[in-house]
Amino acid sequence: MTPKSTPRHASSARLFKMKSLAQAATLLLIGAQALQAQAQAQAQMQEAKLERVEVTGSSIKRLEGESALPVQTIKRSDIDKTGATTAAEIMKSISANAAALTDGASITDNTGGQRGMNGANLRGLGVSSTLVLLNGRRMANFASPGDNAGVDLNNIPAGAIERVEVLKDGASAIYGTDAIGGVINFITRKDYRGADVNVYAARTQEGGAEKTAASVGGGFGDLEQDRFNIFGVLDIQRLGSLRSSERDFLKDRPLATTLPFYMSSRTFPGNIRLASRAAARKVQLDALAAAGMNFNGTPYNQRTINLYAPACNPPATVYAKDNLSQACSFDYMQDTELYPESDKKSFIGRGVFQLNKDTQLFAEVVKSQTQTRYVASPNPIEITAVPTTAINPFLPKPLPFGGTVDVRQRVTEGGNRTNEVSSDADRIVAGVSGTLGGWDYDVAINHAVNRTADSLRDGYFLYDKFVDGVRTGKINPFGASPQAGKELLASIAVQDEARKSKGSTTTIDAKFSGVLAQLAGGDLGAAFGAEFRREETEFTPSALLLTNNIQGDRSSRGDAPPASSNSRKVAAVFGELNAPLSKELELQLAARYDKYSAVGDTFNPKFGLRWQPSKALMLRGSAGTGFRAPSINELTRPTSFGSSSAFLTDPGCVAQGFAVADCTDQWRVERRSNANLKPEKSKQFSFGLAFEPIKELSASIDYWNIRKTDVISDLSEQVILGNLARYEKDYVKRDQFGELIDTILLKKENQGELRTSGIDLDLLYRVKTQSKGRFSVSLTGTYVLNYERQFGAGEPFQNNAGQFLSDQVIQKWRHRLALDWDIGNWGLTVGNTYLSGYRDHNTAFNPYTDQLLEARSVSSYSLWDMSGSWRVTKDMKLRAGVQNLFNTQPPFSNQGYYFLATYDPTYTDPRGRTFYASLNYSFR
């Protein structure tokens, strides 16, 4: 007997190597021969009357519970107990999901690329290496061109999810080459009779980030009696925004005293920048001294000054002596949003018609729409060559010299920068399934589309008109503008649908599965099939964006990304065998051949083994290869321009004797694709055991090891600045004086290897009593033994396990613990999501030593939740709960990669303690 709580999967310590299309064709030939012999095989089947189901990770249908695969299943009841209402929230409970693309990280994308996307990331191998399916078939990837090629989790119809199956093993040989990290299959109900209504509301203790949701589902028709079933589910959610001013933990972490060099020199009132050349600046400083103008009794001696300092204009514009000693600094964390406002609507409908006893026709329609509103701090700008006569009327005392100065200003009068991002998904699947000659078959066409739009709504304006307004004295950079200036600001405000993108995937797939013969241990199962896919992408910038005249969304070269349209074709054949060599030993073989137009072809095998010497013990292992073709965007994405996500210090500038504050900025960056990219390749293996020493306890432990080569990435700004001697020539362009950075080049390249390994742990203890109900304790956890990254071929490996490196942290230990108690119509659940602490990330210089600040430790992050349920009647169920029961705040972090500072927004939740309640009513 297989342990009930632990799915079985095949494995081996040795890699099964098949390297030719001929071998794949052999598997197909075996399948064809099986069709001729199916009558004999069917007669030998003793379990033909039992329903067979397909399990994520295999195309072979088998008796439910016979799965030999490393699949973690999250049921609808498990989801309800956590209070999660979106697919992205569900992923937080999966310990194998590391360094995912969350809302907090998405906010950082200030170049209009993939703001608004949520993406899953199994094993931390990248969003592009995790395959997300809906009911076993593909959805279109998030259309907007950027660094990640993957499904936007916002497009998953969360209200219709029945369960989530997570294959934590490479599946390139089964599902496609981009499944290096694994597969996440969101599964909705396949039939529906009656109706369900569910309403949900959540409110935070400190305010903001409220959530209201409702779903309605219904269906009719009995397949056996009526020969059809039709159902649909509509899910609507509204999530409120959360401003930084609404959270006390951020008020207690002002950048001025925690991370002063992440502060901006674009302030309101604006800072004045004196001449860049030392001789000219000395003349200006001498004139200030002669006029008796000083900073708190000390003569001005810095390039950046502010006549309103140190009073400045709190809470955002403040005096920070460790950043600018004679000017003001801007703490953007005091004037931004942490959590975006969002509206999500999704619908899924499915119809099945029983044509005859052996044939079903089916169709599935998905429509989802997500609109997210991102609000950041007011627009920062630097205006050069501003005549002193234009700004003197606005200063408390006029500058005692002529000529020009530069002004670094925060355009608070123009409002906070606000972008509205939409992500719309449509998918239509139509097909036929059934049995033919004793074999199951499934043939379908799947057309999936994702459309995105990034619209500028507030806080943006025409660059040239604004600069002219400051230089002519119409706009006041230091306070409220006169009426003429206000009217000018209103007239040049920009509202524009700046970027539109469309991505589509059209797939025709056919799959056959059945029994080839009888072996000593049972049926020799087989599956084979083919898939043909066409992928298309379109990117369309607005006419206004192409003018390069939108302040806050301008390129660094005087041009914007042009429109583009690209496509490619993918063809694949695959085969799979499941051979029970004896009652105790089962062998699994799988292979897939894929051919990508303009990229090349690849053959990927998988070999697995399961040995169950007793009812209480099972040993398993697997080995295989993977291949990820460069995405269309990585190959052809138009060059885009923007700025670094965080404020970074240039050590080359510091070495020239400049003040650290003058060498710290959000530097201009230029992002390029690369038509010459090679595919990523991987080799992976795993082995482990599952055991059930007593009927109340089951457990599994598995070791996994993955090696990925030719990793596609760009050198991050921090890697480049951290090794200027090696990278400056090719990746850094300086200004005309060779002093300050003008642009950092970020180009997609094949950058060496990534190696990672770890252990998955799964425990379940359950006991049932007559008087005290049912109790259970479950734990799923992942311990990362090793995670090493290589930035460029030949570069040394750098550790990312338990340490923030470049753009992410991979915690060494992550788990989800749940304690359940059910008695009668009542239920109680207490859960814990835990992420271990790690070594911090830092790129800030100490102003006194000009050295990097000492690395520090980031505390572990442990969130407890609790919920209770009451089944009022057989049709009505109430649930209430608390997320983040102890109101745990995100631990302090020095990370400087993401826009949101003093904590890491990729895995933490700034919402704090949240109360929620839901009501479900069923009509049967």
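Whatever comes next refers back to the structure up there.
Residues numbered from 1 in each chain as written. Predicted model: local features only at pLDDT ≥ 70, side-chain atom pairs only at ≥ 80, totals over all residues. Heavy atoms only, no water.

## Points about empty space enclosed by the protein
Formally: Definitions used for this entry: grid spacing 1 Å over protein atoms alone; cavity, a set of points where a 1.4 Å probe fits but cannot get out; pocket, an open set with protein on both sides within 12 Å along at least 5 of 7 lines; lining residue, one with an atom within 4 Å of a point. Grid points are joined across faces, edges and corners, and a volume is the space filled by probe spheres set on the points. Put simply, DSSP H or I for four residues or longer makes a helix, DSSP E for two residues or longer makes a strand, and each gets a number counted from the N terminus. For this classification, Asp, Glu, Lys and Arg are treated as charged, while Ala, Val, Leu, Ile, Met, Phe, Trp, Tyr, Cys and Pro are nonpolar and the rest, including Gly, are polar.
Applying the stated rule across the entire model yields 15 cavities of 30 Å³ or more. Of the volumes computed, that of the largest cavity is approximately 1,100 Å³. Looking at the largest cavity, it is lined by 50 residues, and the ones nearest its centre are D147, N148, S713, D807 and Y897. Of all the secondary-structure elements, those providing two or more residues to the lining of the largest cavity are α5 (103-107), β39 (712-713), β44 (774-790) and β47 (808-809). A total of 3 residues in the lining of the largest cavity trace back to one element, the largest contributor, which is β44. The residue makeup of the lining of the largest cavity, split by class, is 16 nonpolar, 20 polar and 14 charged. Estimated volume of the second largest cavity: approximately 480 Å³. Lining the second largest cavity are 31 residues, and of these N141, A149, E535, R568 and S631 sit closest to its centre. Counting only elements with at least two residues in the lining of the second largest cavity, the list comes to β4 (130-134), β26 (496-519), β27 (522-541) and α13 (632-636). By residue number, the principal contributor to the lining of the second largest cavity is β27, which donates 4 residues. Of the residues assigned to the lining of the second largest cavity, the class counts are 11 nonpolar, 13 polar and 7 charged.

## Brief notes about helix α8 (residues 278-290)
An α-helical turn contains 3.6 residues, so any two residues separated by three or four positions project in the same direction. Note the cut-off: Expected helix span is computed as 1.5 Å times (number of residues minus one). Partly exposed describes any residue whose relative accessible area lies between the buried limit of under 20% and the exposed limit of over 50%, with all areas from a 1.4 Å probe on protein chains only and scaled to the type maximum. The reported arc concerns the directions from the helix axis to the C-beta atoms and nothing else. The contact criterion used throughout is that any non-hydrogen atoms of two residues lie within 4.5 Å.
For α8, built from 13 residues, the straight-helix expectation of 18 Å at 1.5 Å per residue is met to within 8% by its first-to-last C-alpha distance of 18 Å. Looking at α8, one finds that the buried residues are R281, Q284, L285, A287 and L288. Buried residues of α8, seen end-on, are gathered within an arc of 155° and therefore sit on one face of the element. Those residues of α8 that are exposed and angled more than 90 degrees off the buried face are A279, K282, V283 and A290. Contacts made by the buried residues of α8 are with β15 (304-305) and β22 (404-410). Of the residues flanking the end of α8, it is G292, one or two places downstream, whose phi is positive at about 75°.

## A word on the pairing of strand β19 (residues 341-356)
What counts, and what does not: Should DSSP find at least two bridges between two strands, the strands are taken to pair.
For strand β10 (residues 228-239) and β19, the ladder comprises 12 bridges, and the chain directions are antiparallel. Paired with L234 across the two strands is F347, which belongs to β19. Across 15 bridges, β19 lies against strand β20 (residues 359-378) in antiparallel orientation. In the sheet register, D343 faces β20, and the bridge partner there is Q371. The loop that links β19 with its antiparallel partner β20 comprises 2 residues.

## A word on the packing of helix α10 (residues 463-471) against helix α11 (residues 483-492)
To keep it simple, the criterion reads: Only C-alpha atoms enter the line fits that serve as axes; for helices the fit covers just the stretch in contact. Angles between N-to-C directions range over 0 to 180 degrees. For classification, angles of less than 35 degrees are called roughly parallel, those exceeding 145 degrees roughly antiparallel, those between 65 and 115 degrees roughly perpendicular, and all remaining angles oblique.
Remark: α10 packs on α11, axes separated minimally by 10 Å, with the N-to-C direction vectors making an angle of 170°. By the criterion of interaxial angle, the relationship of α10 to α11 is roughly antiparallel. Between α10, through K465, F466 and G469, and α11, the contact on the second element is made entirely by L488, L489 and I492. Residues that form the contact of α10 with α11 fall into these classes: 4 nonpolar, 1 polar and 1 charged.

## Considering a nonpolar patch on the surface
Threshold: Exposure above 30% relative accessible area and no salt bridge define the residues that can form patches, which grow by joining like charges within 9 Å and nonpolar side chains of Val, Leu, Ile, Met, Phe, Trp and Tyr within 5 Å. Surface exposure here means Shrake-Rupley accessible area, sampled with a 1.4 Å probe, where a residue is shielded only by the protein chains that are shown. Here a salt bridge means any side-chain nitrogen of Lys or Arg lying within 4 Å of a carboxyl oxygen belonging to Asp or Glu.
Nonpolar side chains collect at one region of the surface, where V199, F775, W821, I823, W826, L828, M866, W870, V872, L878 and L919 lie side by side and expose about 860 Å² of accessible area between them. For the nonpolar patch, the secondary structure elements donating two or more residues are β48 (813-823), β49 (826-835) and β52 (861-871). Position of M866 relative to the elements: it lies in strand β52.

## A few points about the pattern of salt bridges
Under the definition given, this model contains 60 salt bridges. Between K211 and E89 there is a salt bridge; the shortest N-O distance is 2.7 Å. Separated by 122 residues along the polypeptide, K211 in strand β9 (residues 211-220) and E89 in helix α4 (residues 87-91) bring together distant segments of the chain. Of the two residues examined, K211 and E89, each falls in the buried class. One salt bridge connects D840 with R856, and the closest N-O pair in it is separated by 3.0 Å.

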